[in-house]
Each structure stands twice: as C-alpha cells, then as structure tokens.
Amino acid sequence: MKRLTPDYRLTCITATGLALLLNAASVAAQDGAAPGSIRTRHAMFEPAAFSDLPGWRDDLLGDAMAALKQSCGALRKRSAWEQACKRSAAIGAGNDALLREFFEQEFRLYQIRNSDGTPAGVITGYYEAQLNGSRRYGAPYLYPIYGVPDDLLYLDARTLLAAGAAPVRVKLAGRNVVPVTEAEKAAGAGYLLELGATLADTRTKRYRVRLDGQRVTSYFSRDDIANGRMTAAKVIAWVDNPSALYSMQIQGSGKVRLPDGGIIRVAYGEQNGHPFVPSLQALPQLVDPLGKRQAITTRGLGPALQFADAAPTEGASADTKPDDVESMIASLMPGAPPEAALTQQTTQHTAQPTAQPQRAPRRKSDDIVAGLLMEARGKPAKATVAPVLTEPVPAAVAALQAGEPGLESKAAPSKARPGASAARKAELVAARQEAQDPASAPVAKAALATRPNTDPSYVFFRTINDNDGGPIGALGVPLTPGRSLAVDPRTTPLGAPVFISTTEPGRKDALNRLMMAQDTGGAIQGAVRADFFWGFGRAAFARASQMKQNGRMWLLLPKNLQLGVGAGGVLTGGVLTRGIGGQAADCLVPDPELCVD
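Quick summary incoming for the structure in this document. (Residues numbered from 1 in each chain as written. Predicted model: local features only at pLDDT ≥ 70, side-chain atom pairs only at ≥ 80, totals over all residues. Heavy atoms only, no water.)

Things to note about the nonpolar core
Okay, step 1: In terms of nonpolar packing, the biggest core is built from 85 residues, with Phe103, Ile145, Leu514 and Leu588 touching the most fellow members.
Okay, step 2: Once you skip the residues sitting within four places of it in the chain, leucine 514 turns out to touch Trp56, Asp59, Leu61, Ala64, Phe103, Arg483, Pro497, Val498, Phe499 and Leu556. (Core = buried A, V, L, I, M, F, W, Y, C linked by side-chain atoms within 4.5 Å. Buried < 20%, exposed > 50% of the residue type's maximum accessible area, 1.4 Å probe, protein only. Contact = heavy atoms within 4.5 Å.)

As structure tokens, then:
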C-alpha cells in the first residue's frame, strides 16, 4: 500500500554510468559459504530446519493459513506456487498439527541474514489510519486527500541503458515514457529528458515523471503540490488534521469518517517519485502527563512511543501496567475526539492539563481571514498576536462577500492594520476563490502551508470498498491484522510466508509468529527488516506506535521454486547473479509485477 523506496539515483543518463553504478553494488562469491546458502546483492539466505524456529510448535496457524490463502489469490497462477496454493485451499483452519505438516512439506526454510551475515534486525509496526473528514471543503476540513494525478507518467529505468549518451530524448506511449529511436533522435523528435531529483523505485525500477512543455521531468514535489502547481489530481476528501493526513501517507491506507457517519476508505494509489525523507516535526505530537513532547511515529521512523519515566503526578500512577499505557496511547489516535491530548506542532509548546480540552490548533488561513475581518470593520489588530476567529473560515469569507466592508472599500486608512498592502488584498481574493470553488488549488496551498513538512515525497490514494477485511497491500490482496508483514521485496518475495521471532511492542514477552509478506513501505529497507500490520482502530494504533523491536526472520519458499532458473538468473558458488556482466541479483525472486531486477 505504499510508496516504493528508490534503489538508485540516475544523475548522469548514460549507459556507461548506469552500468558502473550497478557494478559497484555487485557482490562477489565468498569461499567457505555453507552448502545451499544463497547470496544476493542485499542479503544472505541460510538453509534452516523448522525445528530451529523458536515457538514453531506453539503458534496457532489457522490465521496464518487464512493469510496464505489471500497470498494465493495473487500467486496461484505462478507455476512455483500452484501446488502449495491448491493444497492450501483444501485444508481447514482448525488442526494446527495438520497445518504445520503442510508448511513443512510444501516449503523450504531459509534464515534471512544481512549482507554481512548477521541475523539480527528490526521489526516495527503500522496500522490502518483513521481520520475525520468531509467530501466538501469547509472548516475544519481544509486538508485534501489527493487521488492519482492524470498527468503522472512512468519511465522504466532499464530502457535508458540503450538510450545512448546524453542528451536523451523520449516520447510518450500512453502513460509510459520511452526513448526515441536513433532516426527520431537525429530528426529532433520527442522531448528532452531531465530527471532532476526523481528516483527509480525499488520494486518496479520506474521513474515518476511529467510532461512540461518540450521536456519530460520529475513529477511535482511536496512543496510544489503545497504551492498549487499540481492541477491534474482530484480531491477524494478533505480532512481536519494535516498531521494525521501525513501519518496516513506513511501508513499507506486509512478510513475517513464523514460528518454523517459514513466512511470513505482509501488505499495507496501512487507516489510522486521523490525520495522519502520523513519529516517527524510534521507528524502528530504527544504531550504526556509529565509534559514530555514526542512525535507519534510508526514504521521505525523514530523512537517507539512511550510515556516519560518519572515520579507520578496527578493522573499518573507509579504502578501503571502496560495495558493501561496502551489504553492511554490509544486515546491519542489521530481522528480521536478533540478532547484527546493530541496536539499539532506549534511555534511554542505549552503543556496543557490532560483533563482539559485543548483549543483547536491555529491555522494560517484562520489568521488571514480574521485579520481581514478586523481590518474591514476598521478595528486595529495586534501585529504579533492573531485575533481569535469565532466564525469558521467559509462563514467569515461569506460575510465579507455579503456586504461586510472590504479593504478596498470602507476601511479607514488611519485604522488599517500595519502592513496592509496589495499582498493582503490578494489573500482576500484567494479566500473568496476558495469559498466559491472548494476543489480549487489555492485551498490546498493555504492548508498545506500551515505545517512544516520537509519530506519531498507525496502519496496519492485511491478509494476501495469498506468491508470487514483489511486494506489492500502491495501484493494486491487484503492484509490480515496480526499476520501480514510489510517487507523489502528485494530480499523477501511478496506473498511468501515469513516466520518472525521478536518481542511484543514495548514489552519483553516473546512474539514468535508465522506471517505473510504482503506489503511494502518506504521505511522498510534491508534484509532483516519487517513491519508488522496490527489492523485498524485505537488498539492497533497503540501497538504500532510502541513497536520497534529487535528480531530475526526466516523465509519459506515453495519447493517447486527453482532459484537461479529463468529471468537470466545463475546460481554459482552460492551467489545468485542476473543481468549485465553477471551482477549479483537485486531480487531473490524476480517478478515483472512484484520485483524487477
């Protein structure tokens, strides 16, 4: 469900440069590798026995089998998976001994190791977000969820190998961009390719680009989008919290609760192709009972959420149990009622008593319209403190439009707010445009500019059916809470069972479980690296925000899958090579849809 993390940057578009880049990442065979072990560019895979798995005989495998059947919905037509998927369809979920026998008979087990041979890694958590929103723009619903833009184009990085020396010229083939032929290039046909900051993604090796006059260049960055430069994307819904919206972009899915109780469910649609550089200051903030402020992070982007460890104060207890802490954290979920102690980042932080409701956060658009109203009514405004706006923004603008004195009419020059100028008049014009056209670009500009988000990447969504199942992951199947993982698809093939050995979020209790690799994520990079999907709701949010644990991983591959066979793969001396010059393979299991070498 998610943005796809880029694998390499193409700064000089030449076949020689790209070949050198790939060559620099190759892995040579090492003497003394264990029999049957496999190396790729990013990981090692050591054969293991199911008896080696901690807690293998204690895991309740019924839910794991249900998640495997979801994977088979995407994989059953692949020859390597045909037998395992056919058998799984005939096995019920009530007999754990039978289920264990099935997995042991149908799959080979490998322990996943980092490229340096170490077995330890990091297991984090994520969840399906919940936000409050509306189908129409209007305070407090000022922040847009964008659908996939109509002008987003794709360029396969592999096609540039044959494109020749720069400058490279390209042409459009539907939504794909391809190099022109030599004859077309000589005739000056096509568009000049200028990739700029765009990166090819990890899984499909595609760039996200756009047509700009006579050139094809990188798609709009977050800053471009915030400033209204993107005009080809429809708004799915408007939400009331920009921090929660950014968090949903990181999670990759969510539900928007409408004022009438209805639900709009969204899943990852696309990404703008810019590198994912998380902006923690733009995430929802927690102020705990002791006044400590933390960004509420998931997916390993920051420290796991926890309350300050200090002497108890009013509302806090020295013998608080883990379950109590989870309940406290759950009440802070983005989309929770306003009285929750969830704040947005402000210029100055003042701890508020947790028992008291907090004032809704100030927005730049509120201050603009409030100032305009006071100016229009001939009342001076303080230069450093914005007046409190009691009317919602659209109502305030409507009042101006309906006959309230405007800057250009009845406001007395002697009482005008210092600094009133043509720029202020332009702000009023923009506010009026927003009130007339809720879907207009200036609304997005005014809303997004109120938060300091420096992440250049941006996620676009698509609507999906709201049902009892999980959101749709990168594999294209519904995720199963407690049994689905987001992984790096280069080292852990999507759809495959994965056994993890870690600990419960924020605790030391063992968590040994068979999972299914069904999703990806921008922060999920590396061999022994996974993201545990906890589901939807406050309990899932609490678990995900507390989870950043050490862990180990084992990969189950169908016995019918022959590594090194097909797709140009060769397994020599334990090293899986593929592609130009026998380079170490990027993907353990290449697939035209799930992982492209």
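Still more to cover.
Let's talk about the pattern of salt bridges
Okay, step 1: Per the counting criterion, the structure on display carries 19 salt bridges.
Okay, step 2: The partner of aspartate 156 in a salt bridge is arginine 158, with the nearest N and O atoms 2.7 Å apart.
Okay, step 3: For the salt bridge of aspartate 212 with arginine 215, the shortest nitrogen-to-oxygen distance reads 2.9 Å.
Okay, step 4: Here the residues in one salt-bridge network are Glu128, Lys255, Arg265 and Asp466, joined through shared partners. (Salt bridge = Lys/Arg side-chain N within 4 Å of Asp/Glu carboxyl O.)

Re the packing of helix α2 (residues 62-75) against helix α3 (residues 79-89)
Okay, step 1: Taken N-terminus to C-terminus, the directions of α2 and α3 make an angle of 135°; their axes are 10 Å apart at the nearest point. When the interaxial angle is binned, α2 and α3 end up oblique. The interaxial crossing formed by α2 with α3 has left-handed handedness. Contacts between α2 and α3 involve Met65, Leu68, Lys69, Cys72 and Leu75 from the first element and Trp81, Cys85, Ser88 and Ala89 from the second. (Axes fitted to C-alpha atoms, helices over the stretch in contact; angles between N-to-C directions. Helix = DSSP H or I, 4+ residues; strand = E, 2+ residues; numbered from the N terminus. Parallel < 35°, antiparallel > 145°, perpendicular 65-115°, else oblique. Left-handed = near helix turned anticlockwise from the far one by under 90°.)

Side note on the side chain of serine 71
Okay, step 1: Checked against the element boundaries, serine 71 lands in helix α2.
Okay, step 2: Under the relative-accessibility criterion, serine 71 is labelled buried at 0%.
Okay, step 3: Polar side-chain contacts of serine 71 include one of 3.2 Å to the backbone oxygen of glycine 495.
Okay, step 4: In this structure, serine 71 is in contact with Leu475, Val477, Gly495, Met516 and Gln518, ignoring residues within four places of it in sequence. (Polar contact = N/O pair within 3.5 Å; in protein donor to acceptor, adjacent residues only side chain to side chain.)

Points about the state of the cysteines
Okay, step 1: Applying the stated criterion to the full structure yields two disulfides.
Okay, step 2: Between the sulfur of cysteine 72 and that of cysteine 85 lies a disulfide, 2.1 Å long from S to S. In this structure, the disulfide formed by cysteine 72 and cysteine 85 twists by about -90° around the S-S bond and is classed as left-handed. With cysteine 72 in helix α2 and cysteine 85 in helix α3, this pair connects stretches of sequence that are 13 residues apart. The burial state of cysteine 72 is the same as that of cysteine 85; both residues are buried.
Okay, step 3: Across the disulfide from cysteine 587 sits cysteine 595; the S-S distance is 2.0 Å. Judged by the sign of its S-S torsion, about -80°, the cystine formed by cysteine 587 and cysteine 595 is left-handed. Each member of the pair, cysteine 587 together with cysteine 595, is buried.
Okay, step 4: With its disulfide-bonded cysteines labelled consecutively along the sequence, the protein is connected as 1-2, 3-4. (Disulfide = S-S within 2.5 Å.)

Concerning the packing of aromatic side chains
Okay, step 1: Overall, the coordinates contain 15 aromatic pairs when judged by the stated rule.
Okay, step 2: Ring geometry for phenylalanine 102 and phenylalanine 103: centres 5.1 Å apart, planes at 70°, overall edge-to-face. As far as burial versus exposure is concerned, phenylalanine 102 and phenylalanine 103 are alike and both buried.
Okay, step 3: Relative to phenylalanine 460, the ring of tyrosine 458 lies with its centre 5.4 Å away and its plane at 45°, an arrangement referred to as tilted.
Okay, step 4: Under the relative-accessibility criterion, tyrosine 458 is labelled buried at 1%.
Okay, step 5: Given the relative accessible area of 0%, phenylalanine 460 is considered buried.
Okay, step 6: Ring pairs connect the aromatic residues Tyr146, Tyr219, Phe220, Tyr458 and Phe460, which therefore count as one cluster. (Phe/Tyr/Trp six-rings, centres within 6.5 Å; stacked < 30°, edge-to-face > 60°.)

Regarding the pairing of strand β8 (residues 169-173)
Okay, step 1: As judged from the two bridges shared by β8 and strand β10 (residues 191-194), these two strands associate in the antiparallel manner. Opposite valine 170, over in β10, you have tyrosine 191 as the bridge partner.
Okay, step 2: With four bridges joining them, β8 and strand β9 (residues 176-179) adopt antiparallel strand pairing. Residue lysine 171 lies in a different strand from β9, and its bridge partner there is valine 178.
Okay, step 3: Between β8 and β9, which pair antiparallel one after the other, the connecting turn spans two residues, and glycine 174 there sits at a positive phi close to 70°. (Pairing = 2+ DSSP bridges.)

Side note on the packing of α2 against helix α4 (residues 96-106)
Okay, step 1: Where α2 meets α4, the axes come as close as 10 Å, and the angle between the chain directions of the two elements is 45°. Classified by the angle between their axes, α2 and α4 sit oblique to one another. As for the relative orientation of α2 and α4, their crossing is left-handed in sense. Side by side, α2 and α4 meet where Gly62, Met65 and Leu68 of the first sit next to Asp96, Leu99, Phe102 and Phe103 of the second.
Okay, step 2: Grouping the amino acids of the contact of α2 with α4 by side-chain chemistry returns five nonpolar, one polar and one charged. (Nonpolar A, V, L, I, M, F, W, Y, C, P; charged D, E, K, R; others polar.)

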